[in-house]
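Survey of secondary and tertiary structure
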Amino acid sequence: QYNQVGLATCHASCTSLATKFLNDLKTGPDGALFYGGLFLMYLAPALIGIFWGAPLIARELETGTHRLAWNQSISRTRWTAMKLGLVGLAAIATAGLLSLMISWWGSPIDSAMNFGQPDSGSGYPRISPLLFGARGVAPLGYAAFAFAVGVTAGVLIRKTLPAMAVTLVVFAAVAFVMPNFVRPHLIPPVQATAPFNAYENNQVTIGSPGNRMTLVGNFSRPGAWILSNQTITPSGQLFTGPADAACLGNGTQNTCSNWVNSLHLRQLVSYQPASRFWPLQWIETCIYMVLAAGLGWICAWRIRRRRI
């Protein structure tokens with residue numbers, strides 16, 4: 001289908017072809033499989049942390065079987081390292097294989113979405129929060145971190161079910177904070193300014209109180225992640241109106257556009273370009289891996305100092 005609509009040979013002005021391809025997918029099972037794959041990729045690390053990480057040592061402590069293991073010739077550090085290493089590597093490998101399989105299958109859809117912005121009807125670019133965490137190497141870091149959170153919760157709480165609940169809460173909180181507050185600033189975003197043209201396809205909102213006016217200019221950067229899109233005054237302040245009479249009821253669209261252009265407004269856009277997908281992937285994965293290693297060290301330290 002991707003080849004048939006001409007996307008394989010398209011290199012410029014491909015938004016209409018991408019939109020047609022993506023709209024055709026909505027009528028078949030491929031669209032459901034695509035979003036099902038996204039859901040699976042976000043769910044898998046959480047399940048790994050809850051069902052692999054949390055019970056790994058908590059169940060030993062809860063049932064008392066750790067006493068038998070710690071009275072053998074193997075040291076506590078080696079015992080902990082073997083558990084964390086073997087099961088942790090299995091968790092990372094599972095997430096990696098899932099990511100590889102789903103990314104390979106969904107690559108034509110990702111490519112089509114990468115031709116435009118969400119407001120163009122061609123979907124969401126790969127670097128956007130919706131797709132970013134379910135592609136590339138990032139799921140490996142998520143799986144390692146979720147597993148480490150689960151093990152650490154089990155070591156500290158010593159009860160399996162409470163540790164599973166804490167793992168879910170902590171991982172969900174971090175998964176919310178990272179894309180919304182941390183990832184946009186891992187690499188300083190690009191700032192673009194341009195004169196605001198009221199005659200283009202813009203979004204105009206006029207509301208109360210005081211006929212407050214909001215303008216969102218059209219901005220096209222295929223594959224980019226738009227962080228903010230604001231209209232500012234010549235002095236650099238956010239434009240909020242109030243709307244002139246030319247834009248209220250009696251005026252026409254043309255007279256309203258003439259009035260807006262007379263204000264000499266500027267459009268200020270902050271975004272992460274598509275070329276930063278892999279740098280952001282590696283940076284974020286390294287952050288999660290470092291956090292996982294730190295939690296693993298805490299587990300080993302706590303077990304080494306724990307009385308039998």
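Presented here is a report on the structure given in the accompanying data block. (Residues numbered from 1 in each chain as written. Predicted model: local features only at pLDDT ≥ 70, side-chain atom pairs only at ≥ 80, totals over all residues. Heavy atoms only, no water.)

**Comments concerning the overall build of the chain**
In terms of helices and strands, the chain carries 9 helices and 5 strands. Along its sequence from the N terminus, the chain presents helices and strands in the succession α-α-α-α-α-α-α-β-β-β-β-α-β-α. Its C-alpha radius of gyration of 26 Å places the chain more than 25% over the 19 Å reference for a compact globule of 308 residues. Each principal axis of the C-alpha atoms in the chain carries an extent, and together these give about 85 × 50 × 30 Å. Across the 308 residues of the chain, 44% fall into the buried class. Per element, the accessible surface of the chain, about 16100 Å² overall, is 63% carbon and sulfur. Here the chain contributes 21 positive and 9 negative side-chain charges, whose respective centroids are spaced 21 Å apart. (Helix = DSSP H or I, 4+ residues; strand = E, 2+ residues; numbered from the N terminus. Rg over C-alpha atoms; globule rule 2.2 N^0.38 Å. Buried < 20%, exposed > 50% of the residue type's maximum accessible area, 1.4 Å probe, protein only. Areas by Shrake-Rupley, 256 points an atom, 1.4 Å probe, with all protein chains shown as cover. Lys, Arg positive; Asp, Glu negative; His and termini not counted. Charge placed at Lys NZ, Arg CZ, Asp CG, Glu CD.)

**Details of the packing of helix α6 (residues 138–157) against helix α7 (residues 160–182)**
At a minimum axis distance of 9 Å, the contact between α6 and α7 shows a crossing angle of 140°. Of the possible angle classes, the one that applies to α6 and α7 is oblique. As α6 runs across α7, the sense of the crossing is right-handed. Within the contact between the two elements, α6 uses Y142, F145, A146, V149, G150, A153, G154 and I157 and α7 uses P162, A163, V166, T167, V170, F171 and V174. Classifying every residue of the contact of α6 with α7 gives 12 nonpolar, 3 polar and no charged. (Axes fitted to C-alpha atoms, helices over the stretch in contact; angles between N-to-C directions. Parallel < 35°, antiparallel > 145°, perpendicular 65-115°, else oblique. Left-handed = near helix turned anticlockwise from the far one by under 90°. Contact = heavy atoms within 4.5 Å. Nonpolar A, V, L, I, M, F, W, Y, C, P; charged D, E, K, R; others polar.)

**Structural notes on the side chain of T80**
Tracing the chain through its elements places T80 in helix α4 (residues 76–113). A residue is classified by how much of its surface remains accessible, and T80, at 1% relative accessible area, is buried. T80 has contacts with A300 and I303, leaving out every residue within four places of it along the chain.

**Topic: the environment of R306**
Of note, R306 is situated in the segment after α9 (277–305). R306 gets classed as buried once you look at its relative accessible area, which sits at 14%. Expressed as a C-alpha distance, the spacing of R306 and R76, which sit 230 residues apart in the sequence, is 9.7 Å. Excluding residues that lie within four positions of it along the chain, R306 makes contacts with L61, H66, W70, R76 and R158.

**Let's talk about the side chain of D110**
Examined against the element boundaries, D110 turns out to sit in helix α4. Overall, the relative accessible area of 6% leaves D110 in the buried class. Here R135 takes part through its side chain, which lies 2.5 Å from a polar atom of the side chain of D110. For D110, the residues in contact, after removing those within four places along its chain, are F34, L131 and R135. (Polar contact = N/O pair within 3.5 Å; in protein donor to acceptor, adjacent residues only side chain to side chain.)

**Observations regarding the pattern of salt bridges**
If you walk through the whole model with that rule in mind, you get 4 salt bridges. Measuring nitrogen to oxygen at the nearest pair gives 3.2 Å for the salt bridge that ties D24 to K20. Of this pair, D24 and K20 are both found in helix α1 (residues 15–25), 4 residues apart, which corresponds to roughly one turn of the helix. By relative accessible area, D24 is classed as partly exposed at 34%. For K20, a relative accessible area of 46% translates into the label partly exposed. Between E60 and K83 there is a salt bridge, and its shortest N-O distance comes to 3.1 Å. With E60 in helix α2 (residues 29–63) and K83 in helix α4, this pair connects stretches of sequence that are 23 residues apart. Of the two residues examined, E60 and K83, each falls in the buried class. (Salt bridge = Lys/Arg side-chain N within 4 Å of Asp/Glu carboxyl O.)

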